[in-house]
Amino acid sequence: MSRLSKDIDSAFQGVGTKSGLEIWCVYNKQLISIPKSSFGKFHSGNAYLVLRTFLRKIESPQYDIHYWLGIDANEVDSILASDKALDLDAALGCCTVQYREVQGQETEKFLSYFKPCIIPVEGKYSPKTGIAGETYQVTLLRCKGDHVVRVKEVPFLRSSLNHDDVFILDTASKVFLFAGCNSSTQEKAKAMEVVEYIKDNKHDGRCEVATIEDGKFSGDSDAGEFWSFFGGYAPIPKLSSSTTQEQTQTPCAELFWIDTKGNLHPTGTSSLDKDMLEKNKCYMLDCHSEVFVWMGRNTSLTERKTSISSSEEFLRKEGRSTTTSLVLLTEGLENARFRSFFNKWPQTVESSLYNEGREKVAALFKQKGYDVEELPDEEDDPLYTNCRDNLKVWRVDGDDVSLLSIPDQTKLFTGDCYLVQYKYTYKERTEHLLYVWIGCESIQQDRADAITNASAIVGTTKGESVLCHIYQGNEPSRFFPMFQSLVVFKGGLSRRYKVLLAEKEKIGEEYNENKASLFRVVGTSPRNMQAIQVNLVATSLNSSYSYILQYGASAFTWIGKLSSDSDHEVLDRMLYFLDTSCQPIYIREGNETDTFWNLLGGKSEYPKEKEMRKQIEEPHLFTCSCSSDVLKVKEIYNFVQDDLTTEDVFLLDCQSEVYVWIGSNSNIKSKEEALTLGLKFLEMDILEEGLTMRTPVYVVTEGHEPPFFTRFFEWVPEKANMHGNSFERKLASLKGKKTSTKRSSGSQYRSQSKDNASRDLQSRSVSSNGSERGVSPCSSEKLLSLSSAEDMTNSSNSTPVVKKLFSESLLVDPNDGVARQESSSKSDISKQKPRVGINSDLSSLESLAYSYEQLRVDSQKPVTDIDATRREAYLTEKEFEERFGMAKSEFYALPKWKQNKLKISLHLF
């Protein structure tokens, strides 16, 4: 909300209420609003004010103010633009970041607002004609930049051309692109975007386009026509006309505080700490190539204007280059670059802000008449799965990689590393996900072996697999629905892990079904349930969760005060999966028995506050390169799909996860090498977001982008599947040629917003036979009753020959879409697996028959002394068939999830 006073310009009435750009020009010592049709046209004789507003869903809006100074603008207009930027900041509640932009030296953030470019116009702005004295004439433009293009009009002379840059000659009937022989493919591609912009905006799309390659002339009519504008062909001198600035060593940052008269006082220390910045003062941080002005919250508008003026005067006296950027920051809105010059800048954003915002939105819904207790957490992305999806899990043990049987693949150990392959079909196209799951207690050598073997699996899919490196406890939300139900046990089966335990005499830490074990139950629905074994102590409890305390043939279930109804449903279902065949003892927090505390080694304090989800900001895209083992990154602002140039490697930072995108024409061919870049990026944490080495890292190759990556773009699949380099693709698109794609099989999927994707998922949520969609068959088969589970005990041996194992892993039965294993011997892990299933005698239960009305969970006359988890078993065969429409033998052959679904519908579960 804008907050205006009588001292603030009326031109700012209603500003900052909508996302996007608002632009004003200083004209006759006042601000004139610029219409959208003229956005991107900046006159060299004027000063402009640009506001970029980004409205976030929960947090307060984000504002960036830029004041742009034309090279021919007079001093009065320039000072007025600087002052009005501060007035606009005050109108928006002093919560903006301000940038000074000098013509020809604009920041990349500013240029990103005007895709593909801005082309400064000579002269002064006139609100009547738009451009004073504008007439169409032949112009020569120089283009620089791989990812953000800087366009400058240069004299229409042969001497303006050089071998290093790309030039555009704009004539009345044709637009020529001249590419210097030393210019990069990316520069030529970006310049081609400018050509398209000129064609559409200056020629209404009715002009020809020609490309001229430096040094190639003979037999090319377009080249002959191009050189005719310069009086005929003549070679360009080898010496480049473009100047190369000498690289100077950047000195240490120096901090000054600025008094009310504008005098600068050095603090006299090179070791900077945040506590040095006082709320009632303004400071200047001189970093040589960039200068920051920091303004305390308690400073006045007059003090801020004085500080900015003195900083600009300092740059003039020092003779600094016009490339020196000036950034104005208000306390609390410091960017990552500014914070990086200080020692251990503390995190000031509280996670509770996110939840407070959610509560306010929920309250607003209630005012509108909606009866809601709280807003549900927004899904990161819908699952792009169906009933044909299949899952495979390998356990890594040095050189041995064991393919796990279906019952075992839903049981992981903290001391081991696993490879999880998920193959699914989306929009008639087969996709592959390959996760490298690192147990929190696993050995470093096993972790390295897991990554190496993952690369071998990627090879079997011809590089199409999306590779993801994840640590236990930091899995992305889309990981768990692949299993449907997952148990993580303490301990491990790796040889190296067992050796380490023996050395440290910690053999007793492994899971043992005959000893007490504590499991934290997590999940939002029966489709993504997890039971994670934690230390058997009271401090492992948390009021936000539910727990299962298993001891021998008995079990306690502990329900935290802050857990939800959905948590309780997941808790009941996980009891089946953990083989708790007895009637569990339910305990709510605060009503624990002495036996319960004794099993945990005694009562003690544990967390009682609800765990907050980390606030997620907008994602950031970086281009990256690695030389001499040093990772260099550069941010791409306001990114779009076209910014993903095929010659480069990019990093998409989403805070909760990081994506490494590999262009098909980049020099990185191995996903293992790309994964190393992602891990180095986590270590750098250049935006100081609190990234850790446990943050999930995805590696995605061009043309095989998964839907949960493309959702961050307005995605056009055909662009990702074109042949040629980035320049050839732009040229083909501009000339209207039909582009060839890398893959012709299968239809291309389309980018969807979250809302559209959710609707698409709902439309596919139920199959023709009534079964739930999006559930892996292996997740269903793992819950078979014992009568049918015996047929599923065959599994493969550990095979040291990696290629052979992985080639076998891709065999699929076309009849059911579920991958089968050729070997029939039992795996090592099968011999040591925890007990699963409910071992009960159906015939003995049927001999104690009761009526359906007595067995219902909501019965008025409930039956006692029965196994409440198997109510249906006490029905007679006749009544069972009447209620379920099938015999008991048929029912128990169904997947467990389907059994439970039928029982719920009949109020027997």
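Within each chain, residue numbers correspond to sequence positions counted from 1 in written order. Note on the predicted model: pLDDT of at least 70 is required for a residue's local features to be given, and 80 or more for side-chain atom pairs to be given and counted; whole-chain, interface and lining totals, by contrast, use all residues. By convention in this description, side-chain values take in all heavy atoms of the structure and omit both hydrogens and water.

Undergrad: Can you explain the pattern of salt bridges? Please cite residues and give values.
TA: Whenever a carboxyl oxygen of Asp or Glu lies within 4 Å of a side-chain nitrogen of Lys or Arg, that contact is scored as a salt bridge. In this structure the tally under the stated criterion is 37 salt bridges. Two residues, E331 and K279, come together in a salt bridge whose shortest N-O distance is 2.6 Å. On the criterion of sequence distance, the pair formed by E331 in the loop between β17 (325-330) and α6 (336-339) and K279 in the loop between β14 (264-266) and β15 (282-286) is long-range, its members being 52 residues apart. The exposure class assigned to K279 is partly exposed, which follows from its relative accessible area of 45%. K490 serves as the salt-bridge partner of E441, at 3.5 Å between the closest nitrogen and oxygen. One end of the pair, E441, is in the loop between β22 (429-438) and α8 (444-460); the other, K490, is in the loop between β24 (485-489) and α9 (495-504), and 49 residues separate them in sequence. Several salt bridges share partner residues, and in doing so they unite K115, K190, E193, D642, D643, K719 and K730 into one network. Runs of H or I in DSSP of at least four residues are treated as helices and runs of E of at least two as strands, each being numbered from the N terminus. Summary of the burial criterion: residues with accessible area below 20% of their type's maximum are buried, those above 50% are exposed, and those between are partly exposed, where the area comes from a 1.4 Å probe applied to protein chains only.

Undergrad: Outline unusual backbone geometry, supporting the account with residue identities and numerical values.
TA: Look at the link from K115 to P116: it is a cis peptide, with omega at 5°. Position of P116 relative to the elements: it lies in the loop between α2 (108-111) and β6 (125-126). Of note in the backbone geometry, D204 takes a positive phi value of approximately 55° without being a glycine. In this structure, D204 sits in the loop between α3 (185-202) and β12 (208-213). Phi at H288 takes a positive value of approximately 70°, unusual for a residue other than glycine. Following the sequence through the fold, H288 ends up in the loop between β15 and β16 (290-295). Residue class for H288 comes out partly exposed when judged on its relative accessible area of 30%.

Undergrad: Report on α3, specifying residues and quantitative values.
TA: Taking 1.5 Å per residue as the helical rise, α3 with its 18 residues ought to reach 26 Å, and the 25 Å between its terminal C-alpha atoms agrees with that figure. Buried within α3 are the following residues: Q186, E187, K188, A189, K190, A191, M192, E193, V194, V195, I198 and K199. Lining the buried residues of α3 we find β8 (139-144), β9 (150-154), β10 (166-170), β11 (174-179), β12 and α15 (726-734). Immediately downstream of α3, the backbone of D204 shows phi near 55°, a positive value. Expected helix span is computed as 1.5 Å times (number of residues minus one). Here, two residues are considered to be in contact whenever any of their heavy atoms come within 4.5 Å of each other.

Undergrad: Tell me about the packing of α3 against α15, and please be specific about residues and values.
TA: Lines are fitted to the C-alpha atoms to define the axes, a helix being fitted only along its stretch in contact, and any angle between axes, read from their N-to-C directions, falls within 0 to 180 degrees. Relative orientation of the contacting elements α3 and α15 amounts to 20°, with a least axis distance of 7 Å. In terms of orientation, α3 lies roughly parallel with respect to α15. Along this stretch, α3 crosses α15, giving a crossing that reads as left-handed. Taking contact as the criterion, the partners of T185, Q186, K188, A189, M192, E193, V195, E196 and K199 in α3 are, on α15, S726, F727, K730, L731 and L734. In the contact of α3 with α15, the residues fall into six nonpolar, three polar and five charged. Angular relationships are summarised with four words: roughly parallel below 35 degrees, roughly antiparallel beyond 145, roughly perpendicular across 65 to 115, and oblique for the angles in between. Here a crossing is taken to be left-handed if its near helix is turned anticlockwise relative to the far helix by less than a right angle, and right-handed if that turn runs clockwise. Polar here means any residue outside two lists: the nonpolar Ala, Val, Leu, Ile, Met, Phe, Trp, Tyr, Cys and Pro, and the charged Asp, Glu, Lys and Arg; Gly therefore counts as polar.

Undergrad: Provide a residue-level description of the pairing of strand β25 (residues 517-522), including the pertinent values.
TA: A regular strand places its side chains on the two faces of the sheet in alternate fashion. In this scheme, strands are said to pair when DSSP sees at least two bridges between them. In this structure, β25 lies alongside strand β27 (residues 546-551), joined through five bridges in antiparallel fashion. Bridging from a neighbouring strand, L518 pairs with L549 of β27. Relative to strand β26 (residues 529-534), β25 is paired through five bridges, and the arrangement is antiparallel. Among the inter-strand pairings, V521 is bridged to a residue of β26, identified as A531.

Undergrad: Can you tell me about the sheet that holds β22, naming the residues and giving the values?
TA: Spatial ordering of the open sheet is given by β19-β18-β21-β22-β23-β34-β33-β32-β30-β31, a layout of ten strands whose pairing is mixed. Across the chains shown, the open sheet's two edge strands, defined by having one partner strand only, are β19 (400-403) and β31 (630-636). Direction aside, the axes of adjacent strands within the sheet are offset by 25° on average. Pairing of strand β23 (residues 466-471) with strand β34 (residues 697-701) involves three bridges; the strand directions are antiparallel.

Undergrad: With reference to specific residues and values, describe the pairing of β15.
TA: Counting buried residues along β15, five of its five residues qualify, which places the element largely inside the surrounding structure. Pairing geometry for strand β13 (residues 254-258) and β15, over five bridges, is antiparallel. Each residue of the ladder has a partner; that of L255, found in β15, is L285. Sheet topology places β15 next to β16; five bridges connect them, and they run antiparallel. Bridging across to β16, M284 finds its partner in V293. What sits between the antiparallel neighbours β15 and β16 is a turn of three residues, in which H288 has the positive phi angle 70°.

Undergrad: Just give me the short version of the environment of T269, but keep the residues and values in it.
TA: Mapped onto the elements of the fold, T269 is located in the loop between β14 and β15. From its side chain, T269 meets the backbone nitrogen of S271 in a polar contact 3.2 Å long. Polar contacts, as counted here, are pairs of nitrogen or oxygen atoms within 3.5 Å of one another; within protein the pair requires one atom able to donate a hydrogen and one able to accept it, and residues that are adjacent in sequence qualify only if both atoms are side-chain atoms.

Undergrad: Describe the confidence of the model for the chain, listing the residues and the values that go with them.
TA: Note on scores: pLDDT gives the predictor's confidence for each residue, bounded by 0 and 100. Taken residue by residue, the chain gives an average pLDDT of 78. The fraction at 70 or more is 77%. Within the chain, helix α18 (residues 786-789) has the poorest average pLDDT of any element, 29, and β10 the best, 96. Across residues 241-250, confidence stays below pLDDT 50; counting only partners more than four residues off in sequence or on other chains, it has twelve contacts. Contacts for the low-pLDDT stretch residues 349-382, under 50 throughout, to residues beyond four places or in other chains number 37 contacts.

Undergrad: So what about the sheet that holds β26? Which residues, and what values?
TA: Strand order in the open sheet made by the seven strands is β20-β24-β26-β25-β27-β28-β29, with mixed pairing throughout. Looking at strand neighbours, the two that pair on one side only are β20 (411-413) and β29 (585-588), the edges of this open sheet. Across the sheet, the mean angle from the axis of one strand to that of its neighbour is 25°, orientation sign disregarded. In this fold helix α10 (residues 565-577) packs onto β24, β25, β26, β27, β28 (554-559) and β29, with an angle of close to 25° to the strand it touches most, β27.

Undergrad: How would you explain helix α1 (residues 75-91) if you had to name every residue and give the values?
TA: With 17 residues, α1 ought to run about 24 Å at 1.5 Å a step, and its terminal C-alpha atoms sit 24 Å apart, in line with that. Put simply, N74 is the residue that caps the front of α1, since its side-chain oxygen is 3.3 Å from the backbone nitrogen of V76. Within two residues after α1, G93 carries a phi angle of roughly 85°, on the positive side.

Undergrad: Got a sec to walk through the packing of aromatic side chains? Specific residues and values, please.
TA: Any two rings among Phe, Tyr and Trp, with Trp reduced to its six-membered ring, count as a pair given centres within 6.5 Å; such a pair is stacked if its planes are under 30 degrees apart, edge-to-face if over 60, and tilted if neither. Taken as a whole, this structure holds 53 aromatic pairs when the rule is applied. Plain terms: the ring middles of Y48 and W68 are 5.7 Å apart, the flat faces sit at 70° to each other, and that makes the pair edge-to-face. Of the two residues, Y48 is situated in strand β3 (residues 47-54) and W68 in strand β4 (residues 62-69); the sequence distance between them amounts to 20 residues. The class for Y48 is buried, based on a relative accessible area of 1%. Aromatic side chains F556 and F596 sit 5.7 Å apart centroid to centroid with 90° between the ring planes, which places their arrangement in the edge-to-face category. Taken together, the positions of F556 in strand β28 and F596 in helix α11 (residues 594-599) put the pair 40 residues apart, joining distant regions of the chain.

Undergrad: Got a sec to walk through the side chain of E312? Specific residues and values, please.
TA: In this structure, E312 sits in helix α5 (residues 301-318). For the purpose of charge, His is not counted, nor are the chain termini; Lys and Arg are scored as positive and Asp and Glu as negative. For the buried E312, no salt bridge is present, and the opposite-charge side chain at shortest range is R100, 4.4 Å distant. Setting aside residues no more than four positions away along its own chain, E312 makes contact with Y67, S82, R100 and L326.

Undergrad: Can you break down the packing of α1 against α5 residue by residue, with the values?
TA: For any two helices packed against each other, one specifies the crossing angle of their axes together with the interaxial distance. Remark: α1 packs on α5, axes separated minimally by 10 Å, with the N-to-C direction vectors making an angle of 145°. α1 and α5 meet at a crossing whose hand is right-handed. Contacts between α1 and α5 involve S82, D83, L86, D87 and D89 on the former and, on the latter, L301, R304, K305, I308 and E312. Along the lines of polarity and charge, the residues of the contact of α1 with α5 split into three nonpolar, one polar and six charged.

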